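Residue-level structure breakdown
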Amino acid sequence: MEGFIDTKIGIGISACQFGGRVRYNGKGQDVTRLLGRERSDFIWHPLCPEVMSGMGVPRVPVSLRGGNGDDFWEGRAEVKSREGENLGEWMRKGCASCLDTLARSGVRAFVFMEGSPSCGVYRTSLKNKRLGHPPGIFGSLLLREGFFLIPAQDLQSPIKWWDWRRRLFAFVWLSDQAFAAPSEIVEIWHLLKFLCQEISRAQADEIGRRIADMKSLSNREYPGLKKEILDLLRRPSEVRRIKQALWKHYRFLNKRFGIESEAVRMPDDERGVSKIASELLSLEILTSREGLLFGAVPIHYRRAPSAGEPELDSGGNEEA
Ligand code: SF4
């Protein structure tokens, strides 16, 4: 089995992180410009739940009172303006409208602005690195609906974006697999297991044991197993693990297939994360051209080359 994606993935994004000057104070920034040419490999869906609620720009900032976004949806918390106006009904409609737009477009991933009481997922305060009351109101819906969630600031780090991108491709590809026949599940796991092991060895080994003993699984358990793998793919890896995996995969490819890359340096060589990201990218492109499985990046995006452009499967991530 070969794993690749040949259509552009749709990604929702907090509009203020896509260049929209929609924040309460009329500010915004475009984090996607740091992706360079790779930006056009995706279809972006910028949304602002506060603007969609009917609040304009500029507006008074809103805050959550009495709990987090989950509490808001359960009726235990309120959202109020600085002047004390209750904006709960407005926000309910704005969030529902955004979610509806994402569902209609088949979008399964979202780049969110961390620190917002609306779009924040793990933090709802921008002050002094305080956590606030996460998740935010819209962030709560994104979590509940199982979106693949990427913090906007991680697009500014080449290594973090590289990690998010490879897991995003694997997540979207797996979401589209039927995952219905034992032989298909074994093949899928063969493709994804190295990446899953890198994220969590213990959990990947546990999943691998159950797949190796498919006879004892009833087909009613297949959807739960697929969800477990999808949830694992949502979790970020660590730079230390990524670096170890780079060397491990390179040694395997070198020994088994004679692959050589001058870009890949010895594991003990001191270098920054941007350099490691460029080594990974070069190995990813090299293996893709040779049609070999690079376990750290099991699913590739096959971009159709434009006139005069060499055919590449991925890349173009410029330095932040
Ligand atoms: S964080 Fe979300 S709600 Fe706030 S301005 Fe950005 S898109 Fe709008």
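The structure presented is a predicted model; accordingly, all values stated were derived computationally and were not measured.

1. Digging into the overall build of the protein
Along the protein, the regular secondary structure elements total 10 helices and eight strands. Relative to the 2.2 N^0.38 estimate, which gives 20 Å for 320 residues, the radius of gyration of the protein is 21 Å and therefore close to what a compact globule would have. For the C-alpha atoms alone, the extent of the protein along its principal axes is close to 65 × 50 × 40 Å. Counting the 320 residues in the protein, one finds 50% classified as buried. Pairs at least 24 residues apart make up 64% of the contacts formed inside the protein by residues separated by at least 6 positions. Carbon and sulfur atoms provide 50% of the accessible area of the protein, an area that totals close to 15500 Å². Taken together, the 48 basic and 42 acidic charged side chains of the protein have centroids lying 4 Å from each other.

2. Some words on helix α9 (residues 239–257)
Between its terminal C-alpha atoms α9 stretches 26 Å, which fits the 27 Å expected from 19 residues at 1.5 Å a residue. When α9 is considered as a whole, its buried residues turn out to be Ile242, Ala245, Leu246, Trp247, His249, Tyr250 and Leu253. Contact partners of the buried residues in α9: α5 (158–175), α6 (182–199) and α10 (273–290). Of the residues flanking the end of α9, it is Gly258, one or two places downstream, whose phi is positive at about 70°.

3. So, the packing of aromatic side chains
Per the counting criterion, the structure on display carries 12 aromatic pairs. Aromatic side chains Phe42 and Trp161 sit 5.9 Å apart centroid to centroid with 75° between the ring planes, which places their arrangement in the edge-to-face category. Of this pair, Phe42 sits in strand β3 (residues 42–47) while Trp161 sits in helix α5; the two residues are 119 residues apart in sequence, bridging distant segments of the chain. The rings of Phe18, Phe42, Trp44, Trp161, Phe169 and Tyr301 are connected pair by pair, giving a single aromatic cluster.

4. Some points on the domain arrangement of the protein
Taken domain by domain, the protein holds domain 1 (4–155) and domain 2 (166–320). Distance between the C-alpha centres of domain 1 and domain 2: 29 Å. Contacts between domain 1 and domain 2 engage 19 residues on the former and 22 residues on the latter. For the pair domain 1 and domain 2, the two sides together bury roughly 2000 Å², of which 58% comes from carbon and sulfur. When the area that domain 1 buries against domain 2 is broken down by residue, the three leading residues are Phe4, Arg37 and Phe148, summing to 34%. Inspection of the domain 1/domain 2 interface yields one salt bridge.

5. Structural notes on the environment of Ile5
When you line up the elements, Ile5 lands in strand β1 (residues 4–5). Between the alpha carbons of Ile5 and Tyr301 there is a distance of 4.8 Å; along the sequence they are 296 residues apart.

6. A few points about the pattern of salt bridges
The final tally for this structure, using the stated rule, is 25 salt bridges. A salt bridge links Arg165 to Glu284; the shortest N-O distance between them is 3.1 Å. One end of the pair, Arg165, is in helix α5; the other, Glu284, is in helix α10, and 119 residues separate them in sequence. Where Asp231 meets Arg234, a salt bridge forms, and the shortest distance between an N and an O atom there is 2.1 Å. Salt bridges sharing partners connect three or more residues here, namely Asp163, Arg166, Arg167 and Glu198.

7. Points about unusual backbone geometry
Following Val57, the chain continues to Pro58 via a peptide bond in cis, the omega torsion being -5°. With respect to the secondary-structure elements, Pro58 resides in the loop between α1 (49–52) and β4 (62–65). The peptide bond linking Pro134 to Pro135 adopts the cis configuration, its omega dihedral lying at -5°. Structurally, Pro135 can be placed in the loop between β6 (109–112) and α4 (137–144). Here the phi dihedral of Phe179 falls at roughly 55°; this positive angle occurs in a residue that is not glycine. Within the secondary structure, Phe179 is located in the loop between α5 and α6. What makes Phe179 buried here is its relative accessible area of 4%.

8. Comments concerning the side chain of Glu114
Relative to the elements of secondary structure, Glu114 occurs in the loop between β6 and α4. One buried charged residue, Glu114, remains without a salt bridge, the closest side chain of opposite sign being Arg123 at 5.1 Å. At a separation of 2.9 Å, a polar atom in the side chain of Glu114 contacts the main-chain amide nitrogen of Val121. Residues within four places of Glu114 in sequence aside, it is in contact with Gly120, Val121, Tyr122, Arg123, Leu126 and Gln153.

9. Focus: the sheet that holds strand β7 (residues 148–151)
An order of β3-β2-β6-β7 is seen for the four strands of this open sheet, with the pairing classed as parallel. Of all the strands in the sheet, just β3 and β7 have a single pairing partner and so form its edges. Shown here is a sheet whose adjacent strand axes are inclined to one another by a mean of 25°, direction ignored. Here three bridges tie strand β2 (residues 9–14) to β6, and the two strands are oriented parallel to one another. Paired with Gly12 across the bridge in β6 is Phe110. Sheet strands in contact with helix α3 (residues 88–104) are β2, β3 and β6, and its direction is about 165° off that of β3.

What counts, and where the lines are drawn
- Residues numbered from 1 in each chain as written.
- Predicted model: local features only at pLDDT ≥ 70, side-chain atom pairs only at ≥ 80, totals over all residues.
- Heavy atoms only, no water.
- Helix = DSSP H or I, 4+ residues; strand = E, 2+ residues; numbered from the N terminus.
- Rg over C-alpha atoms; globule rule 2.2 N^0.38 Å.
- Buried < 20%, exposed > 50% of the residue type's maximum accessible area, 1.4 Å probe, protein only.
- Contact = heavy atoms within 4.5 Å.
- Areas by Shrake-Rupley, 256 points an atom, 1.4 Å probe, with all protein chains shown as cover.
- Lys, Arg positive; Asp, Glu negative; His and termini not counted.
- Charge placed at Lys NZ, Arg CZ, Asp CG, Glu CD.
- Expected span 1.5 Å × (residues − 1).
- Phe/Tyr/Trp six-rings, centres within 6.5 Å; stacked < 30°, edge-to-face > 60°.
- Domains from an automatic or database assignment.
- Buried area = accessible area lost by both parts, 1.4 Å probe.
- Salt bridge = Lys/Arg side-chain N within 4 Å of Asp/Glu carboxyl O.
- Polar contact = N/O pair within 3.5 Å; in protein donor to acceptor, adjacent residues only side chain to side chain.
- Pairing = 2+ DSSP bridges.
- Axes fitted to C-alpha atoms, helices over the stretch in contact; angles between N-to-C directions.

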